[in-house]
Amino acid sequence: MPAAGARRGDGREHGDKVNGIPLGPATEKARSRRAVMGALKRYRIMADIVGVGLIVLVFIGIPLQYGLGWDGVVAVVGPVHGFAYIIYLAAGYDLARRGRWTIWQMAAVILAGFVPGLAFVAEHYTTQRVLRQLHEQEDDQRIRQLDDTTIAGDPQLS
């Protein structure tokens, strides 16, 4: 049974304890992976919402407004898209912070929300990059564990 107040992703730092037992590096890495996957999920949802909103606004709302003089779509979708874009920025920043991206990677994701359809492309490549990074980290961890096991089990290497 978890300790009172101990929740998944509760923000504990290295060296913290649960029920008096110190959290090890493997536990912290698993929590970090869950945090990145959660941030990726939030980013993907917001990228889809912003992408659809911008396409509706640019390819339906603007032509209706300037071609037929009807601004109902722009009046509704415009503010919703603007609000969703702010949440998209926060989700992108959260993913960039957790994934330790460079400023240029983060800027590319942010700018993708300005061009119709580009949010979908950026979301695809971002997802591939994050998943690749997570798999590389897992592979590195497995190799280190095998090295530690080999060294500990071989009297000549100890």
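Residues numbered from 1 in each chain as written. Predicted model: local features only at pLDDT ≥ 70, side-chain atom pairs only at ≥ 80, totals over all residues. Heavy atoms only, no water.

Novice: I keep staring at the overall build of the chain and nothing clicks. Help me out?
Specialist: A tally of regular secondary structure across the chain gives four helices and two strands. Mapped from its N terminus to its C terminus, the chain presents α and β elements in the order β-β-α-α-α-α. Residue burial in the chain is summarised as follows: out of 158 residues, 26% are buried. Long-range pairs, those at least 24 residues apart, make up 61% of the contacts in the chain between residues at least 6 apart in sequence. Accessible surface computed for the chain: about 10600 Å², of which carbon and sulfur atoms make up 63%. (Helix = DSSP H or I, 4+ residues; strand = E, 2+ residues; numbered from the N terminus. Buried < 20%, exposed > 50% of the residue type's maximum accessible area, 1.4 Å probe, protein only. Contact = heavy atoms within 4.5 Å. Areas by Shrake-Rupley, 256 points an atom, 1.4 Å probe, with all protein chains shown as cover.)

Novice: Got a minute to help me understand the confidence of the model for the chain in this structure?
Specialist: In low-pLDDT segments, the atomic positions of the prediction should not be examined closely. Averaged over all residues, the pLDDT of the chain equals 80, while 70% of them reach at least 70. Per-element mean pLDDT across the chain ranges from 56 in strand E1 (residues 17-18) up to 93 in helix H2 (residues 72-99). (pLDDT = per-residue confidence, 0-100.)

Novice: Before we go on, may I ask you to explain the packing of aromatic side chains in this structure?
Specialist: When we look at a pair of aromatic rings, we describe it by the centre distance and by the angle of the planes. Counting across every chain of the model gives three aromatic pairs. Each residue in the set Tyr43, Tyr85, Tyr88 and Phe114 is aromatic and connected to the rest through ring pairs, giving one cluster. Above the plane of the ring of Trp101 lies Arg129, whose end atom (NZ or CZ) is 4.6 Å from the centre. (Phe/Tyr/Trp six-rings, centres within 6.5 Å; stacked < 30°, edge-to-face > 60°. Lys NZ or Arg CZ within 6 Å of the ring centre and 35° of its normal.)

Novice: Please explain the nonpolar core as it appears in this structure.
Specialist: It is characteristic of soluble globular proteins that their nonpolar side chains tend to be buried jointly. Within the largest apolar cluster, 20 residues are counted, with the highest numbers of intra-cluster contacts made by Tyr43, Tyr88, Leu95, Trp101 and Val130. Of all the secondary structure elements, the ones that give two or more residues to this core are helix H1 (25-68), H2, helix H3 (103-111) and helix H4 (118-153). For this core, the leading source of residues is H1, giving seven residues. When residues no more than four places from it in sequence are discounted, the contact partners of Leu95 are Val36, Ala39, Leu40, Tyr43, Trp101, Thr126 and Val130. (Core = buried A, V, L, I, M, F, W, Y, C linked by side-chain atoms within 4.5 Å.)

Novice: So what exactly am I meant to see when it comes to the side chain of Glu123 here?
Specialist: Along the chain, Glu123 falls in helix H4. For Glu123, a relative accessible area of 9% translates into the label buried. Apart from the residues within four sequence positions on either side, Glu123 is in contact with Tyr43, Arg44, Ala47 and Asp48.

Novice: So what exactly am I meant to see when it comes to the packing of H2 against H3 here?
Specialist: The description of two packed helices rests on the angle between their axes and on the distance between the axes. The geometry of H2 relative to H3 is characterised by a closest axis approach of 10 Å and an angle of 160 degrees between their N-to-C directions. As the angle between them shows, H2 and H3 are arranged roughly antiparallel. The interaxial crossing formed by H2 with H3 has right-handed handedness. Note on element contacts: H3 touches H2 through Met106, Val109 and Ile110, opposite Tyr85, Tyr88, Leu89, Tyr93 and Ala96. In the contact of H2 with H3, the residues fall into eight nonpolar, no polar and no charged. (Axes fitted to C-alpha atoms, helices over the stretch in contact; angles between N-to-C directions. Parallel < 35°, antiparallel > 145°, perpendicular 65-115°, else oblique. Left-handed = near helix turned anticlockwise from the far one by under 90°. Nonpolar A, V, L, I, M, F, W, Y, C, P; charged D, E, K, R; others polar.)

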